[in-house]
Amino acid sequence: MGQASSVFDRSKPKWCPGCGNFVVYSCLKDALEELGYRPEEIVVVCGIGCATFIWSYLNTNSLKALHGRVLPAATGVKLVKPSLKVLAVSGDGDAYSIGCGHLTHTARRNIDLTYIVIDNGIFGNTRGQPSPTTPYLSPTKISPRGWPEKPVDPLLLVAVSGATFIAQGYVGNPSSLREIFKKALKHRGFSLVNIVSVCPTFNPKRTITTIKEKILDVGLDSQRDLDEAVKLLLEARKAGRIPVGVIYSRDEPTYNDLLNANSDQKSIVPDLRVLEIALREFGLEIEC
Amino acid sequence: MGQASSVFDRSKPKWCPGCGNFVVYSCLKDALEELGYRPEEIVVVCGIGCATFIWSYLNTNSLKALHGRVLPAATGVKLVKPSLKVLAVSGDGDAYSIGCGHLTHTARRNIDLTYIVIDNGIFGNTRGQPSPTTPYLSPTKISPRGWPEKPVDPLLLVAVSGATFIAQGYVGNPSSLREIFKKALKHRGFSLVNIVSVCPTFNPKRTITTIKEKILDVGLDSQRDLDEAVKLLLEARKAGRIPVGVIYSRDEPTYNDLLNANSDQKSIVPDLRVLEIALREFGLEIEC
Amino acid sequence: MLEEVSIRIAGLTGLGVEFTTEVIVDACAKRGLHVYTYRFFPTIVRGGYTFSDIRISCRKTSSPPDEINILGALSKEGLRDVDKILSKDALIIIDEEVDVSQSVCKHVIQIPIGKLSRELKTRMNMILLGFLSGLLNLDFEVVTEILRKKKISEFESNLRGLKKGIRIFEESGLEKIVVKSYGGVKSVIRGSDLVALGALYAGCKFFAGYPITPATSIMEALMNWIPELGGVAVQVEDELAAINMVIGASYAGARAMTVTSGPGFSLMAEGIGFAGMAGIPVVIVDVQRVGPSTGLPTAHEQSDIDIATHPSHGDIPRIVLAPSTIEEYYTFTVKSFQLSEKYRAPVILLLDQSYTLNYQTIDKIRNPEVYSYRVSIESSGDSIEVYPYYDSEWVPSPPSKRLLIVASSVEHDYRGFSVQDGEIHASMSDKRLGKLRELEENPVDWEVVGDVDGREVFITIGCCRAAVEEACSRLSKNGRRFKHIPLKQLWPIPRKLREELREAEVVYVVEQNASGQVLRLISKEIPENCIVKSVRRYDGQPLRSRDIVEVLRDGSG
Amino acid sequence: MLEEVSIRIAGLTGLGVEFTTEVIVDACAKRGLHVYTYRFFPTIVRGGYTFSDIRISCRKTSSPPDEINILGALSKEGLRDVDKILSKDALIIIDEEVDVSQSVCKHVIQIPIGKLSRELKTRMNMILLGFLSGLLNLDFEVVTEILRKKKISEFESNLRGLKKGIRIFEESGLEKIVVKSYGGVKSVIRGSDLVALGALYAGCKFFAGYPITPATSIMEALMNWIPELGGVAVQVEDELAAINMVIGASYAGARAMTVTSGPGFSLMAEGIGFAGMAGIPVVIVDVQRVGPSTGLPTAHEQSDIDIATHPSHGDIPRIVLAPSTIEEYYTFTVKSFQLSEKYRAPVILLLDQSYTLNYQTIDKIRNPEVYSYRVSIESSGDSIEVYPYYDSEWVPSPPSKRLLIVASSVEHDYRGFSVQDGEIHASMSDKRLGKLRELEENPVDWEVVGDVDGREVFITIGCCRAAVEEACSRLSKNGRRFKHIPLKQLWPIPRKLREELREAEVVYVVEQNASGQVLRLISKEIPENCIVKSVRRYDGQPLRSRDIVEVLRDGSG
Ligand SMILES: Cc1ncc(C[n+]2csc(CCOP(=O)(O)OP(=O)(O)O)c2C)c(N)n1
Ligand SMILES: Cc1ncc(C[n+]2csc(CCOP(=O)(O)OP(=O)(O)O)c2C)c(N)n1
Ligand code: SF4
Ligand code: SF4
Ligand SMILES: [Mg+2]
Ligand SMILES: [Mg+2]
């Protein structure tokens, strides 16, 4: 697991022993290295939660944002500095509970960034409450009689919202996860990588073994159209399977493309062109 | 249009001439009457926007909530007073822009309420900005070169989130709309009725005629399962059609059911049973 | 020739009150007259009561008129609530079909507005416009030109109405009302446009916002102009997205801003704290409206002072400015960007609905000096350095060669790295807050007007300045000596305030909210032995100078 | 026999510092001793530095100890930062594998904690617990029983460790440390449980919340107990949903509350304004943590006073209370519900992390009288009436026969119907704010302690009360006379405060934030001629009495 020192190492990762975040962290680092990125070219925007501690350990530009507001913050970065590679990192609570609205909107804008969500089915950092991916009717510390919410289906959600790259990985198969990351990072447009992960401390029922039993390998080279992708996801859900691989991928204009915002912003201060606008629109003279 | 005076009339509706809200208002009133409801049994929870002015004109219990927070407020009502019939009313901005996150969560909880969204493809009340259902790439007052967001697909969104009743109506066919309302009101669980409507003042391009051309009647008695419903919606979208009717309907336990909250709350004050809990858990004596 | 005349155009929304106002205002300005306008309008788009007051004067005035001399009513609703505001000799122009027998006013001219508009297939407001432009002696060519420019598609029918209205005026035998004018063509503009222009001048290259009355017009202006200058402006899903996107954009190097009103500002609370903690410069414009909660979305109030000065949990650095003249709508916006960079703090610009949405004549503006702390820092050598994002005068941004920029909502050391250490938190807190002491000593555009030795002292906020200046200049003729401090920097509270009040005998704090938010904010600066009078008007309309005159006459407050 | 002894258990998260603390505390309380605990812990779940201070005393104390007499370290990190806090004759118990050559302390006992735990397949903390229970003369049966009750699954291995630890202590030849005790078994509890119990007693039947440290423990308690009493408690998607759901539930008739901490509170800003505008009673608990922004989520601070007292845009009515004793965590919660109904205002309960999360002994509680304004009103006759939701003493709710209940975020008349009228807005504003004047005159649980004639006056907030009381009682032995006002009602500001300060010569305002938020809030109540000292500690840890003693000795502030 990424033992050799890397340009992306900042400090030694700290999570509970056996935490899935270690795997994600090292696969991501490997993928970035293999694609030849340099730390200065990358901005990692993170929310709050155990998953997002990646930001402390990964040596890149980074913006530690608010809980649930990762995508708007990451969008802001991409819109003014399109030359940067933007990664957004969340846990399942950050992304699908408080952040759920932004997910739909960011997907439909096709913002060119990769959203990595480490989905351990629990709020780890707040010590083990159910999350939007906690299984329906399962008992939890605050719902002994069963959790009364059907889980969010993040892949379907972004599929119907307009995401142009949808993938799922899991922490039991690091080499596949690394490849998924590479595909997602190379994609131009909004990509979601949901990673089925484990939290041995607060969600001990979910282990790599129990996940493994449900894996459905869907490969890394999706030629599916949206209908087929949705069908695959619906069927997997019905069968209780976890599809792993690239589910959907398609080239479409990004938000930056449509806004004609494909070069880096530099604020020219003061911007004297405004004097013309003032004169033209209001006959207003502004002296310098 | 509901000329005869009704127990549900509070004051004369005021919208711009030709506004689709008139039709929705009168169909809803008719549906409530035909189902034999009394004003005291109903709570209308509204957001902010032209659509939501219905709350002023309809004579029921009513809670005028915040922009985008209709569903949480309505959920609160239903959870403590299950005997009430709860209607939530929004415009497309209220429901799908700022309120988008709550939509997914309310659907997956299967809260027993009917959500009526009047979708005129525009922010009417703030004077005509694009909404989440404004067509992709269409020019708007703030995006002369085309609106750069793919529209939200509310029906698909709630379908994959777990809504148990999904319907779409349109203001060009009041009698069908009335029947759709009746079906939705009779449904036990979360029902969304999206109504394709018109705003002649700020969205003049969308008229009843242009809508009518795209209507795809899917009937009022859906026997579809979720896969079929999703397929129908995807196909209609691809074909540029607007499906109208009941798209999906299914009985499932509601959140109230699972929380065992099916009788009306009355606060017993003071609740002396707490003295036992204090003693049992902490050996703490509380004197009265 | 008169020195000033005030007109009210009133009726229902959808009848063109706003359009009529704009044409009259434009035509007056072209004639060298000064104008100030204020429009009252409801939330419903069509069919609600609305009016527009136009003050036409030979002098620059920036507050609503004490009296209305001419009322042009487009429907019977136009007569609502006019008793209190009409001058004794006021003239009412109204449709002949309206029953005016209840009218308090002797001078009522009834003309067949409705009938003629139907006959001529023109709009009612055009007939009224014609009548008024005759009455006010507006130049026909000028008015025609304005009509053509404003709505070319309806030009022909509008012109028909205009001409008919003029004819009716001429047949009425009424005398023309002519206001003196000095100097040439005046420029008229709304505060919203000035804010947008100021932002552009300051190099604002990113805007994200969500529509909300009365801030939408700034947003719309920015959405149109920013792309023209090569920047990015977006309408997003809600205010949470807006503020966080602006933070992301600013982190990445662009001068960035958002605009909103009360409800949206409340939603931005957490984001504003994030900007303050991470030291990311942002500018937030809050155009105030009647609160609390959804309140009266279209009406004027100054009740966001509490939240603007205490915008988030924890000890966050913040700068709150409230421009007091229309010119400052421009200059303060320009300055906000540089202040937010220098102090690494969110700058909140508190505006008035009345100045933001309404046209008034404006003096020639002088651009303030503008300076940017944004730099591109190139690190040398092989190794990658982490830049102390927070702990520096300069604001670099990615991508920078071999340099990483770290910023965080979590407590951090000077490089931006997370810490758990309470001592570091304490020293970082001191650093974040300490910088602002400079502004406490040297507040932005501090000004004391009126009689600097006056013992009766006014403290005003925002647009209240104009009404108070007008009232004071009237009453100082009776020998009373008024000092007047338009409080433009609400946070940090300027130390100079205390000094200026040292000799005060009476302090009037003038603001437009129910609870006296400004007074509460600054009350500890007022010497104990002095009489404090809280002057508040909070009925949704901007202060008039007569409100102040009454207070001063009564001695009440 | 000693009067008191203080222990620190320290190490890394995941090693059982918390568990060990709970067992010791429980066993002490069973022996009739008083305890106060404070735990420092990081955001990372496993592997971060943590400690827990336990103060064991014959008297009730509610502030952290000035000195630690015994340090039990579970790993080398346990030695961090101890120089300043260890007493001169302190004893350190630590693993034999740790290098202690740098230790300042002479009394270091090294025991094979790690080795034995591996050998015995038990946890390290159990061996330490055994050692400490020997040292503190805890009853073996009692400790065993607690272990059995707390974690039955690990009981056997825990017992092995315990016994081994006791044996090592016995072999060490150290003397036992015995603290005097008066009276019988004490009850120990955390503030979080008291808040939950108080809410239940008040008849709270609805809870909605979103997890956030350090408020989660209240939420978890409520989620467990509310359904037991037939109510509804839900965890929802975010704080926006939580506050709005609570508003919906309260409108529908249930006493309802939510709990959060700073970031969540900021997100609730808009909702709190809605409750205030619509007159819907809600209780919002804010357990403060270090801000701004995400800050230090697990550390103690009192920096949400600014936002709690100014929580939303517009002029909203609000009541802000800050309990000053652990008993008040219960009684204030009970009262909050009835205050929010009586005044139709949101009640914000500002709590301290330190009291909320940590166990301490508690006096027997007397229930306050509790009263509900909720009624079911049955209208008679045929017609349907609309109930004046806002404009009444009583709070009815749907369904009521032939009665409709209307409540609104938009400005409304007395029935709840939307208006555009500014005059109505003005009068409704007065009505909303006017009610609170009663609380200004008669604040909740007003108390002045210490020497009521003292000219040196302390004003404290929350848990600072205890440290100040302790310091004052120590220093008043030297003849100084201290008056002490624990400020429990932060909004509206009690008028009595001004009266009580009239004779003051020095006022010390003691609070735990960087900028002096309480001082700012009340500074206008302090007479001008008196010396004001702002005493602040903001390094994430609760105030100790020695902090105050130092200030009083220095004369600095
Ligand atoms: C506004 C706000 N609400 C709540 C929190 C508390 N909080 C921190 S992380 C988190 C959720 C953690 O769950 P997840 O996103 O799944 O991350 P994990 O820890 O499981 O990796 C919550 C609720 C917060 N920081 N901010
Ligand atoms: C927090 C907040 N942000 C913004 C607004 C302003 N606002 C009022 S209604 C509305 C949207 C209206 O659009 P829609 O929901 O589609 O309703 P319509 O008027 O079209 O019926 C907006 C943005 C507000 N009231 N509150
Ligand atoms: S609590 Fe769970 S998610 Fe967090 S670090 Fe530990 S194992 Fe990982
Ligand atoms: S603006 Fe549009 S939505 Fe609003 S009332 Fe007018 S037509 Fe209807
Ligand atoms: Mg998680
Ligand atoms: Mg709409």
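Residues numbered from 1 in each chain as written. Chains lettered and ligands numbered in written order. Predicted model: local features only at pLDDT ≥ 70, side-chain atom pairs only at ≥ 80, totals over all residues. Heavy atoms only, no water.

**A few points about the pattern of salt bridges**
Consideration 1: Within the structure shown, the criterion is met by 123 salt bridges over all chains.
Consideration 2: We note a salt bridge from Lys84(C) to Glu423(D), for which the minimum N-O separation is 4.0 Å. With Lys84(C) in the loop between β4 (68-73) and β5 (86-95) and Glu423(D) in helix α14 (residues 422-434), this pair bridges two chains.
Consideration 3: Here Lys84(C) falls in the exposed class, since its relative accessible area comes to 61%.
Consideration 4: Across the pair Lys483(D) and Glu500(D) runs a salt bridge whose closest N-O atoms are separated by 2.7 Å. Residue Lys483(D) is found in strand β22 (residues 482-486), and its partner Glu500(D) is found in helix α17 (residues 496-500); the two are separated by 17 residues along the sequence. (Salt bridge = Lys/Arg side-chain N within 4 Å of Asp/Glu carboxyl O. Helix = DSSP H or I, 4+ residues; strand = E, 2+ residues; numbered from the N terminus. Buried < 20%, exposed > 50% of the residue type's maximum accessible area, 1.4 Å probe, protein only.)

**Let's talk about the interface of chain C and chain A**
Consideration 1: Listed per partner, the contact involves 68 residues of chain C and 57 residues of chain A.
Consideration 2: Of all residues in chain C, the largest losses of buried area upon contact with chain A belong to Tyr201(C), Glu237(C) and Leu404(C), amounting jointly to 11% of the total for that side.
Consideration 3: Counting every contact that joins chain C to chain A gives 5 salt bridges.
Consideration 4: Between Glu228(C) and Arg280(A) there is a salt bridge, with its nearest N and O atoms 3.0 Å apart.
Consideration 5: One can count 24 residue pairs in polar contact (both at pLDDT 80 or more) joining chain C with chain A.
Consideration 6: Top element by residues in the side of chain C that touches chain A is helix α8 (residues 239-251) of chain C. It accounts for 7 residues.
Consideration 7: Partitioning the side of chain C that touches chain A into residue classes produces 39 nonpolar, 17 polar and 12 charged.
Consideration 8: Sheet analysis places strand β11 (residues 286-287) of chain A next to strand β15 (residues 365-366) of chain C, joined by 2 bridges and oriented parallel. When the sheet's bridge partners are listed, Ile286(A) is paired in β15(C) with Ile365(C). (Contact = heavy atoms within 4.5 Å. Buried area = accessible area lost by both parts, 1.4 Å probe. Polar contact = N/O pair within 3.5 Å; in protein donor to acceptor, adjacent residues only side chain to side chain. Nonpolar A, V, L, I, M, F, W, Y, C, P; charged D, E, K, R; others polar. Pairing = 2+ DSSP bridges.)

**Quick notes on the interface of chain D and chain B**
Consideration 1: Counting residues at the interface gives 68 residues for chain D, matched by 57 residues for chain B.
Consideration 2: Taken over both partners, the interface formed by chain D and chain B buries close to 5000 Å², and the fraction arising from carbon and sulfur atoms is 63%.
Consideration 3: The interface formed by chain D and chain B holds 5 salt bridges in total.
Consideration 4: The salt bridge partner of Lys205(D) is Asp271(B), with a shortest N-O separation of 3.2 Å.
Consideration 5: Connecting chain D to chain B are 24 residue pairs in polar contact (both at pLDDT 80 or more).

**Some points on the sheet that holds strand β11 (residues 283-288) of chain C**
All names here are of chain C.
Consideration 1: Spatially, β9-β8-β10-β11-β13-β12-β23 is the arrangement adopted by the 7 strands of the open sheet, whose pairing is mixed. Looking at which strands have only one partner, the edges of the open sheet turn out to be β9 (232-235) and β23 (489-491). Here the strands of the sheet are splayed against their neighbours by 20 degrees on average, with no regard to which way each runs.
Consideration 2: Where strand β12 (residues 319-321) meets strand β13 (residues 347-352), 3 bridges bridge the pair, whose relative direction is parallel. Looking across to β13, one finds that isoleucine 319 is bridged to valine 347.
Consideration 3: Along the sheet face, α8 touches β8 (204-209), β9, β10 (255-260) and β11 and points at about 165 degrees away from the line of β10. (Axes fitted to C-alpha atoms, helices over the stretch in contact; angles between N-to-C directions.)

**With respect to the confidence of the model for chain C**
Consideration 1: For chain C, the average pLDDT comes to 95, and 99% of its residues sit at 70 or higher.
Consideration 2: Interface confidence for the predicted complex, expressed as ipTM, amounts to 0.98; the pTM equals 0.98. (pLDDT = per-residue confidence, 0-100.)

**Here's the deal with the coordination of the magnesium ion (ligand 6)**
All names here are of chain B.
Consideration 1: Looking at the metal site, the magnesium ion (ligand 6) is ligated by Asp92 (OD), Asn120 (OD1) and Ile122 (O), spaced 2.0 to 2.2 Å from it.
Consideration 2: When the donors of the magnesium ion (ligand 6) are listed by position in the chain, the intervening gaps give D-x27-N-x1-I. One end of the pair, aspartate 92, is in helix α4 (residues 92-97); the other, asparagine 120, is in the loop between β4 (114-119) and β5 (122-123), and 28 residues separate them in sequence.
Consideration 3: Owing to a relative accessible area of 2%, aspartate 92 belongs among the buried residues under this scheme. (Donors = N, O, S within 2.8 Å, 3.2 Å for Na, K, Ca; no water.)

**Here's the deal with the nonpolar core**
Consideration 1: Counting 206 residues, the largest nonpolar core has Tyr115(A), Tyr115(B), Phe206(C) and Phe206(D) as the members making the most contacts within it.
Consideration 2: Leave out the neighbours within four places in its chain, and Tyr115(A) touches Val70(A), Leu71(A), Ala88(A), Val89(A), Ser90(A), Ala95(A), Leu103(A), Phe190(A), Ser191(A), Leu192(A) and Val193(A). (Core = buried A, V, L, I, M, F, W, Y, C linked by side-chain atoms within 4.5 Å.)

**Points about the side chain of Ser187(C)**
Consideration 1: In this structure, Ser187(C) sits in strand β7 (residues 187-190).
Consideration 2: Relative accessible area serves as the criterion here: at 9%, Ser187(C) is assigned to the buried category.
Consideration 3: Discounting chain neighbours no more than four positions away, the residues touching Ser187(C) are Phe282(A), Gly283(A), Leu284(A), Gln360(C), Thr361(C) and Ile362(C).

**A look at the site of ligand 4**
Consideration 1: Residues in close proximity to ligand 4 include Trp15(B), Cys16(B), Cys19(B), Asn21(B), Cys50(B), Asn120(B), Cys199(B), Pro200(B), Thr201(B), Phe202(B) and Val45(C), which together make up its full environment.
Consideration 2: Residues near ligand 4 are shared among chains B and C, making this a multi-chain site.
Consideration 3: Residue classes in the shell around ligand 4 are distributed as 8 nonpolar, 3 polar and no charged. (Near = heavy atom within 4 Å.)

**A look at the sheet that holds strand β9 (residues 215-219) of chain B**
Consideration 1: Taken together, 10 strands build an open sheet; the order of strands is β9(B)-β10(B)-β7(B)-β8(B)-β4(B)-β3(B)-β1(B)-β2(B)-β19(D)-β17(D) and the sheet is mixed. Each of the sheet's edge strands pairs with one partner strand only, and the pair in question is β9 of chain B together with β17 (385-387) of chain D. Averaged over all pairs of adjacent strands, the angle between strand axes in this sheet comes to 20 degrees, irrespective of strand direction.
Consideration 2: Pairing of β4(B) with strand β8 (residues 191-196) of chain B involves 6 bridges; the strand directions are parallel. Looking at β8(B), one finds that Thr114(B) is bridged to Ser191(B).
Consideration 3: Packed on one face of the sheet, helix α9 (residues 226-238) of chain B meets β9 and β10 (242-249) of chain B and runs near 170 degrees to β10(B).
Consideration 4: Running at roughly 155 degrees to strand β2 (residues 61-64) of chain B, helix α8 (residues 239-251) of chain D makes contact with β1 (42-46) and β2 of chain B together with β19 (403-408) of chain D of the sheet.

**Re the site of ligand 2**
Consideration 1: Every one of the 22 residues lining ligand 2 counts as a neighbour, but Asp92(B), Asp94(B), Gly124(B), Asn125(B) and Glu239(C) are closest to it.
Consideration 2: Near ligand 2, the surrounding residues are drawn from chains B, C and D.
Consideration 3: The backbone of Cys50(B) places a nitrogen or oxygen atom 2.8 Å from an oxygen atom of ligand 2.
Consideration 4: Here ligand 2 loses 98% of its free accessible area of 590 Å² to cover by the protein chains.
Consideration 5: Only α4 and β5 of chain B together with α9 (262-267) of chain C provide two or more residues apiece to the shell around ligand 2. (Areas by Shrake-Rupley, 256 points an atom, 1.4 Å probe, with all protein chains shown as cover.)

**Quick word on the domain arrangement of chain C**
Consideration 1: Segmentation of chain C into domains returns domain 1 (4-185), domain 2 (191-362), domain 3 (375-440) and domain 4 (449-554).
Consideration 2: Once you take the C-alpha centre of each, domain 3 of chain C and domain 4 of chain C turn out to be 41 Å apart. (Domains from an automatic or database assignment.)

**So, the packing of aromatic side chains**
Consideration 1: Under the defined criterion, the tally for this structure stands at 36 aromatic pairs over all chains.
Consideration 2: Between the NZ or CZ atom of Arg39(C) and the centre of the ring of Phe41(C), over which it lies, the distance is 4.3 Å. (Phe/Tyr/Trp six-rings, centres within 6.5 Å; stacked < 30°, edge-to-face > 60°. Lys NZ or Arg CZ within 6 Å of the ring centre and 35° of its normal.)

**Examining the coordination of the magnesium ion (ligand 5)**
Where a metal carries four tetrahedral donors, each ideal angle is 109.5 degrees; where it carries six octahedral donors, the ideal angles are 90 or 180 degrees.
Consideration 1: Donor atoms from the polypeptide that coordinate the magnesium ion (ligand 5) comprise Asp92(A) (OD), Asn120(A) (OD1) and Ile122(A) (O), at 2.0 to 2.2 Å from the metal.
Consideration 2: Written as a sequence motif, the donor arrangement for the magnesium ion (ligand 5) is D-x27-N-x1-I.

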